[in-house]
Amino acid sequence: MTVAIIGAGMAGLSCARALVQAGVAVELFDKGRGPGGRMSTRRVELEGQQLRFDHGAQYFTARDERFRAQVAEWRAAGRVAPWPAAGDEALVGVPGMNEPVRAMAEGRDVRWGTRIERLERAADRWVLQGDEGTHCGYSQVVIAVPAEQAGPLAAPFSTGFADRAERTLSDPCWTVMASFVQTLPLADTIAAGDAVAWAARDGAKPGRSGAENWVLQASPQWTRDHLDEPPERIAAQLLAALFAENGIEPAQPSHAAAHRWLYTKARPLAGQSALWDASLGLGLAGDWLLAPRIESAWISGRELADRMIAELV
Ligand SMILES: Cc1cc2nc3c(=O)[nH]c(=O)nc-3n(C[C@H](O)[C@H](O)[C@H](O)COP(=O)(O)OP(=O)(O)OC[C@H]3O[C@@H](n4cnc5c(N)ncnc54)[C@H](O)[C@@H]3O)c2cc1C
């Protein structure tokens, strides 16, 4: 019995960890080049220097007892640390936000850079059609990707699961990563405005270089209004908005780039925190089933694994 998990983000890896602990073999597939998903850290080479930006999730909190136990392990290993600038309970990965996902992926069988495009059934087994080949022989499949991507994968097998995914909508978010030689005259580490809903001095997070690196996130409305504009224009406009909204002199960045997230924070529908059909051997997990937060992604993956273990082991 081997379970295939599509998506090695926080939800997929949380599910994998619990399954492996119960003695179930898992193989994970992720289209990303390395660990992170929506908690990824972008690296940029600039004049021999490496810049890093947490360009997805900014910080997380841990309230659920089970997740707190997991976070305690990461903290003991120095892989997460408090970030008081974002609140008393705020935590970040160290040295980058992707570190908890990297920790969970260690020792797991993860095929990075592999996009699963379609699922099929053959002789009571699941077959995964990837962009680089076919993967056969799985007894169960877990889909742990954003709702918009989960729906089409599940649709040929479960209209109920696909319907829940298709009715769950996420906001897009234009994100800008900018580095400055001089310190910006902003007293606080975090600034919030209208077009720029969030701006954080990324280089001041624990375990970072201290460089004047900023991450800006546009509001959902601003992002929708500018969805198809070229990234260079987005970077210039959002930096101008940051300066104007905070009443500071414009400064020239030494590096600026924009990334468009199409699916950031989902607006979950009421219902179960994970979906599992034992007769099909098909499960769905992800933040979109519970709340648009890292902790919720972890809980969803864990609760799916608990339901699978109850029936499989
Ligand atoms: C800009 C932004 C800001 C955020 N801010 C915060 C925050 O401050 N605090 C917070 O708690 N949360 C925040 N979030 C939300 C948080 O990042 C998510 O809740 C969490 O990372 C979701 O984990 P997941 O495993 O469900 O999904 P993901 O992290 O999206 O993981 C899914 C994985 O599936 C892979 N994948 C997708 N489709 C396929 C396919 N067909 N084949 C193979 N692999 C596939 C992807 O590469 C990805 O690695 C933010 C998200 C974004 C984008």
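Worth saying up front: this structure is predicted, and the values here are computed from it rather than measured. (Residues numbered from 1 in each chain as written. Predicted model: local features only at pLDDT ≥ 70, side-chain atom pairs only at ≥ 80, totals over all residues.)

Caption draft 1: Examining the overall build of the protein chain more closely. Across its full length, the protein chain holds eight helices and 20 strands. Relative to a compact globule of 313 residues, whose C-alpha radius of gyration would be 20 Å, the protein chain shows 20 Å and is just as compact. Taken over the C-alpha atoms alone, the protein chain extends approximately 65 × 40 × 40 Å along its principal axes. Looking at the 313 residues of the protein chain, the share that counts as buried comes to 45%. Once local pairs closer than 6 in sequence are excluded, the contacts in the protein chain between residues at least 24 apart make up 66%. (Helix = DSSP H or I, 4+ residues; strand = E, 2+ residues; numbered from the N terminus. Rg over C-alpha atoms; globule rule 2.2 N^0.38 Å. Buried ≥ 20, exposed ≤ 12 C-beta atoms within 10 Å, placed from the backbone. Contact = placed C-beta atoms within 7 Å.)

Caption draft 2: Structural context of the environment of Ile6. In this fold, Ile6 is placed in strand E1 (residues 2-6). Looking at Ile6, the number of C-beta atoms within 10 Å reads 24, which means it is buried. When the C-alpha positions of Ile6 and Ala122 are compared, they lie 18 Å apart, and in sequence the two are 116 residues distant.

Caption draft 3: The domain arrangement of the protein chain, seen in detail. With domains assigned, the protein chain is organised as domain 1 (2-40 + 98-169 + 268-312) and domain 2 (173-261). Between domain 1 and domain 2, the C-alpha centre-to-centre distance is 33 Å. (Domains from an automatic or database assignment.)

Caption draft 4: Broad picture of the site of the ligand. Near the ligand, the surroundings consist of 37 residues, among which Gly7, Gly9, Gly37, Arg38 and Ala297 are the closest. Elements supplying a minimum of two residues to the shell around the ligand: helix H1 (10-21), strand E2 (25-30), strand E13 (173-180) and helix H8 (294-312). Element by element, the count of residues in the shell around the ligand is highest for H1, at three residues. Here the shell around the ligand is composed, by residue class, of 18 nonpolar, twelve polar and seven charged. (Near = placed C-beta within 6 Å. Nonpolar A, V, L, I, M, F, W, Y, C, P; charged D, E, K, R; others polar.)

Caption draft 5: Seen up close, helix H7 (residues 231-245). With 15 residues, H7 should cover 21 Å at 1.5 Å per step; its first-to-last C-alpha distance of 21 Å lies within 8% of that length. Taken together, the buried residues of H7 touch E13, strand E15 (196-201), strand E16 (212-218) and strand E17 (255-261). Among the residues trailing H7, Gly247 stands out with phi positive, at a value near 65°. (Expected span 1.5 Å × (residues − 1).)

Caption draft 6: Representation of the packing of helix H4 (residues 147-154) against helix H5 (residues 159-166) within the structure. Following both chains from N to C, one finds H4 and H5 inclined at 160°, their axes separated by 8 Å at the closest point. Here H5 runs roughly antiparallel to H4, going by the angle between their axes. Considering only the axes of H4 and H5, their crossing is left-handed. Along the contact surface, H4 presents Ala147, Ala150, Gly151 and Ala154, while H5 presents Phe161, Ala162, Ala165 and Glu166. For the contact of H4 with H5, the class distribution of residues is six nonpolar, one polar and one charged. (Axes fitted to C-alpha atoms, helices over the stretch in contact; angles between N-to-C directions. Parallel < 35°, antiparallel > 145°, perpendicular 65-115°, else oblique. Left-handed = near helix turned anticlockwise from the far one by under 90°.)

Caption draft 7: Looking closely at the sheet that holds strand E8 (residues 116-122). Taken together, the three strands give an open sheet; going across it, the order is E8-E9-E10, and neighbouring strands pair in antiparallel fashion. Edge positions in the sheet fall to E8 and strand E10 (133-138), since each has one partner strand and no second. Each strand axis lies, on average, 20° off the axis of its neighbour in the sheet, ignoring direction. One ladder, built from six bridges, connects E8 with strand E9 (residues 125-130); its direction is antiparallel. The residue bridging Ala122 from the neighbouring strand is Arg125, located in E9. (Pairing = 2+ DSSP bridges.)

Caption draft 8: Examining the packing of H1 against H8 more closely. The interhelical angle for the contact between H1 and H8, taken along N-to-C directions, is 35°, at an axis separation of 7 Å. Between H1 and H8 the crossing geometry is right-handed. Each of Met10, Ala11, Gly12, Leu13, Ser14, Cys15, Ala18 and Leu19 in H1 lies in contact with H8, whose residues at this interface are Ile294, Ala297, Trp298, Ser300, Gly301, Arg302, Leu304, Ala305, Asp306, Met308 and Ile309. In the contact of H1 with H8, the residues fall into 13 nonpolar, four polar and two charged.

Caption draft 9: Broad picture of the nonpolar core. Among the nonpolar cores identified, the biggest contains 65 residues, and Ile5, Ile6, Cys15, Val142 and Ile143 are the most heavily contacted of them. Non-local contacts of Ile5, meaning those with residues more than four positions away in its chain, are made with Gly12, Cys15, Ala16, Val26, Leu28, Val142 and Ala144. Membership of the second largest hydrophobic core comes to 25 residues, among which are Met177, Ala199, Ala218 and Leu239. (Core = buried A, V, L, I, M, F, W, Y, C linked by C-beta atoms within 7 Å.)

Caption draft 10: Just unusual backbone geometry, in detail. At the junction of Val94 and Pro95, the peptide bond is cis and its omega measures out at 10° in the coordinates. Within the secondary structure, Pro95 is located in the loop between strand E6 (91-93) and helix H3 (99-105). Positioned with a positive phi, Ala123 is a non-glycine residue whose angle comes to about 50°. Mapped onto the fold, Ala123 is located in the loop between E8 and E9. Phi angles above zero are rare outside glycine, and Asp124 is one such case at about 65°. Mapped onto the secondary structure, Asp124 falls in the loop between E8 and E9. When the 7 C-beta atoms within 10 Å are taken as the criterion, Asp124 is described as exposed.

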